[in-house]
Amino acid sequence: MSPEIGELVAALPDGFDEEKAPDEALQTLLSSLANKPVPVGRLTRFWALGSLKAKIALAYMAWWLRSGYVSGDKRAATLNETHLKSAIKLLGTMSYLRGSIMKIGQTLANYPDVVPDEFVDTLSALHFEAPPMHFSLLREQVRNELGRDPEEIFDEFETKAFAAASLGQVHRARLKTGQEVAVKIQYPNIARTIRDDFKNFNALLLPMRLTKDWDNFRAQGEDIFETLELETDYVNEAECLKAAREAFNEDDGVVVPEVFEEFSSGRVLTMEFIEGKHVDEFMATNPPQEVRDRHGHQIFMAISRLYYGLKIVYADPHPGNFYFMEDGRLGLIDFGCCYRFTDETWKYCANVERASHGPIDSEAMDAALLYSVDLTDEAQMGEERLGLLRDYCTWMWEPMQEDAPFDFGDPEYLRRGMQLYGDMIRKRYTRSQPINTWLARSFVGARAMAYRLRAKFNLKAILDTETSVK
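Description of the structure in this document. Since this is a predicted model, take the numbers as computed values, not measurements.

## Topic: the overall build of the protein chain
Broken down by element type, the protein chain carries 21 helices and twelve strands. Within the protein chain, the proportion of its 470 residues that are buried is 54%. Expressed as a percentage of contacts within the protein chain between residues at least 6 apart in sequence, the contacts between residues at least 24 apart total 72%. For the protein chain, the accessible area works out to roughly 22,100 Å², and carbon and sulfur atoms hold 52% of it.

## A word on the packing of helix α14 (residues 289-310) against helix α21 (residues 459-466)
In contact at an axis separation of 10 Å, α14 and α21 are set at 30° when each is read in the N-to-C sense. Put simply, α14 runs roughly parallel to α21. Note on packing geometry: the crossing formed by α14 with α21 is right-handed. Residues His 297, Phe 300, Met 301, Ser 304, Arg 305 and Tyr 308 of α14 form the contact with α21, whose participating residues are Leu 459, Ile 462, Leu 463 and Glu 466.

## Section: the environment of Glu 272
Within the secondary structure, Glu 272 sits in strand β6 (residues 268-272). Considered as a pair, Glu 272 and Val 259 are 13 residues apart in the sequence and their alpha carbons are 6.5 Å apart. If near-sequence neighbours (up to four positions away) are discounted, Glu 272 is found in contact with Gln 179, Glu 180, Val 181, Ala 182, Arg 245, Val 256, Pro 257, Glu 258 and Phe 260. A polar contact of 3.4 Å, which involves the side chain of Glu 272, links it to the side chain of Arg 245.

## Overview of the packing of aromatic side chains
Aromatic rings considered in pairs are described by the distance between their centres and by the relative angle of their planes. Summed over the entire model, instances satisfying the criterion amount to 23 aromatic pairs. Ring plane angle 20° and centroid distance 5.9 Å describe the contact between Tyr 339 and Trp 438, whose orientation is recorded as stacked. Of this pair, Tyr 339 sits in strand β10 (residues 338-340) while Trp 438 sits in helix α20 (residues 435-453), and the two are 99 residues apart along the sequence. Exposure class is identical for Tyr 339 and Trp 438. Each is buried.

## Points about the pairing of strand β3 (residues 168-174)
Moving residue by residue along a regular strand, the side chains alternate between the two faces of the sheet. β3 sits mainly inside the fold: five of its seven residues count as buried. Pairing of strand β1 (residues 156-157) with β3 involves two bridges; the strand directions are antiparallel. The partner of Glu 156 across the bridge, within β3, is Arg 174. By the bridge criterion, two bridges tie strand β2 (residues 163-164) to β3 in an arrangement that is antiparallel. Each bridged residue has a counterpart across the sheet, and for Ala 163 the counterpart in β3 is Val 170. A loop of three residues connects β2 with β3, the two strands running antiparallel in sequence. Pairing analysis gives seven bridges linking β3 to strand β4 (residues 180-186), with the strands arranged antiparallel. Counterpart to Ala 173 in the pairing with β4 is Val 181. What sits between β3 and β4 in their antiparallel hairpin is a turn of five residues, with Gly 178 showing a positive phi close to 95°.

## Describing the environment of Tyr 308
If you trace the backbone, Tyr 308 turns up in helix α14. Through-space distance from the C-alpha of Tyr 308 to that of Trp 346 is 9.8 Å; in sequence the pair is 38 residues apart. Not counting the four nearest positions on each side in its chain, Tyr 308 is found in contact with Trp 346, Glu 353, Leu 463, Glu 466 and Thr 467. At 2.9 Å, the side chain of Tyr 308 and the side chain of Glu 353 are in polar contact.

## Here we look at empty space enclosed by the protein
Taken as a whole, this structure holds two cavities of 30 Å³ or more when the rule is applied. What the largest cavity holds in volume is close to 190 Å³. Lining the largest cavity are 14 residues, and of these Ser 304, Met 400, Phe 443, Arg 447 and Leu 463 lie nearest its centre. Breaking the lining of the largest cavity down by element, the ones donating at least two residues are α14, α18 (383-397), α20 and α21. Per element, the largest residue contribution to the lining of the largest cavity is five residues, and it comes from α14. Tallied by class, residues from the lining of the largest cavity come to eleven nonpolar, one polar and two charged.

## Regarding the sheet that holds strand β8 (residues 322-324)
With respect to topology, three strands assemble into an open sheet ordered β5-β9-β8, the strand pairing being mixed. In the strand order of this sheet, the two ends are held by β5 (254-255) and β8, each with one partner.

## Remarks on the pairing of β4
The element β4 is largely enclosed, with a buried count of six among its seven residues. Pairing between β4 and β6: five bridges, direction antiparallel. Within β6, the position partnered with Ala 182 by the bridge is Met 271.

## Here we look at the packing of α18 against α20
At their nearest, the axes of α18 and α20 sit 11 Å apart, and the two run at 50° to each other. By the angle class used here, α18 and α20 are oblique. Crossing geometry of α18 relative to α20 is assigned as left-handed. Side by side, α18 and α20 meet where Tyr 392, Trp 395 and Met 396 of the first sit next to Ala 440, Phe 443, Val 444 and Arg 447 of the second. Its residues assigned to classes, the contact of α18 with α20 shows six nonpolar, no polar and one charged.

## Quick notes on the nonpolar core
Grouped together as the largest cluster of nonpolar side chains are 77 residues, with contacts concentrated most on Ile 299, Phe 300, Val 313, Phe 324, Leu 332, Phe 335 and Trp 395. Among the elements that take part in this core, α20 stands out by supplying ten residues, more than any other. Once residues within four sequence positions are removed from consideration, Trp 395 is found in contact with Tyr 413, Leu 414, Arg 416, Gly 417, Met 418, Leu 420, Val 444 and Arg 447. Membership of the second largest hydrophobic core comes to 23 residues, among which are Leu 138, Val 142, Ala 164 and Ala 173.

Parameters at a glance
Residues numbered from 1 in each chain as written. Predicted model: local features only at pLDDT ≥ 70, side-chain atom pairs only at ≥ 80, totals over all residues. Heavy atoms only, no water. Helix = DSSP H or I, 4+ residues; strand = E, 2+ residues; numbered from the N terminus. Buried < 20%, exposed > 50% of the residue type's maximum accessible area, 1.4 Å probe, protein only. Contact = heavy atoms within 4.5 Å. Areas by Shrake-Rupley, 256 points an atom, 1.4 Å probe, with all protein chains shown as cover. Axes fitted to C-alpha atoms, helices over the stretch in contact; angles between N-to-C directions. Parallel < 35°, antiparallel > 145°, perpendicular 65-115°, else oblique. Left-handed = near helix turned anticlockwise from the far one by under 90°. Polar contact = N/O pair within 3.5 Å; in protein donor to acceptor, adjacent residues only side chain to side chain. Phe/Tyr/Trp six-rings, centres within 6.5 Å; stacked < 30°, edge-to-face > 60°. Pairing = 2+ DSSP bridges. 1 Å grid on protein atoms, 1.4 Å probe; cavity = no way out; pocket = protein on both sides within 12 Å on 5 of 7 lines; lining within 4 Å. Points joined across faces, edges and corners; volume = space filled by probe spheres on them. Nonpolar A, V, L, I, M, F, W, Y, C, P; charged D, E, K, R; others polar. Core = buried A, V, L, I, M, F, W, Y, C linked by side-chain atoms within 4.5 Å.

Here is the structure:
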């Protein structure tokens, strides 16, 4: 083994101890990452992912070899164990790489039935329990951005982060005025890792260069990574926060934190501190149905207000971005991933809505779907693909067809949508307008949140209030 490769292997996060209980193994693995800086460089990050793929493949091969010698019940138990151990390995590597790779894990964790339950449960730690980086690795970032150490700027500053995510982590602090704030600090070099991951992504997709869909797939990829890069611009996020804060009034029951620009920059964002429970902690209190319904209504109302009022797609509605507050309000705290409509994409979405809102207009729907997959010749679509897209749109708009509460807690509803989406991926129907990536993240992610809440509410009434499309 060459010295360079040896250094790469040594830099990878330690694996978990097979003899330890899963919870203990998980905590040991995550705590080992606190003092590790974000790895940069295409080779380093590519090697980490390649090693992870090999480890998971070996784990499932070992299960397959053992499964022929055990009973059915034992086989199912060992498969669940393999799922769990593989998920822990996946969590460790994603937490180590952070950035765009960690966002993939957050997305997987938000969609039940897409991956095994063990993966969903374990990767959910990326929303709430992602390992924070030791503050010694971030202190210079604060000094470079704000000109002084945090202890000089703030009256109080907790060096232990209370939340960590894919691009940065959040520390609790107090201004000299006594105002409690949350200080979001970006991981050093994280913007560079997004560019590295994009180059690796293109390298992995090299075989697709000879297909007719390559130009479209490349455009989708560029759009995704450009938006991820925009998330590293905290000045842009501050502007989205301020616009969203002005969009809601007291009666809406939605709280967006105030931004303190004097203590913010491109890589440090100081906001009003909002206290509340994340969805799992909230649901553990066994809240009554009416409370869960109200919060589900607030989530969809907030996303619809941003969509129709500000022409912004709130494209990251994962559980870590919502706080359920003691007084019944909803805290909406992260505005890094917000996609702004162009005139063209707004017109496209309006056409889909006109065809879907109320009785579905099949002819208008098919015309909109033809544009949605970036095709101009209807013959290129194919009846199978067109049928799948029709079914997916019908599923998406199903909750709005009746002027009555819809049961988002019905597992069959979410499962049907995930099945349709999975069918399109398996059949390689990936050609699409880039805007659809963000629409899917927003609309499906919001439905996944309502599913977690087991909420029932009238979505049609929300849209009739928030939009002029009747």
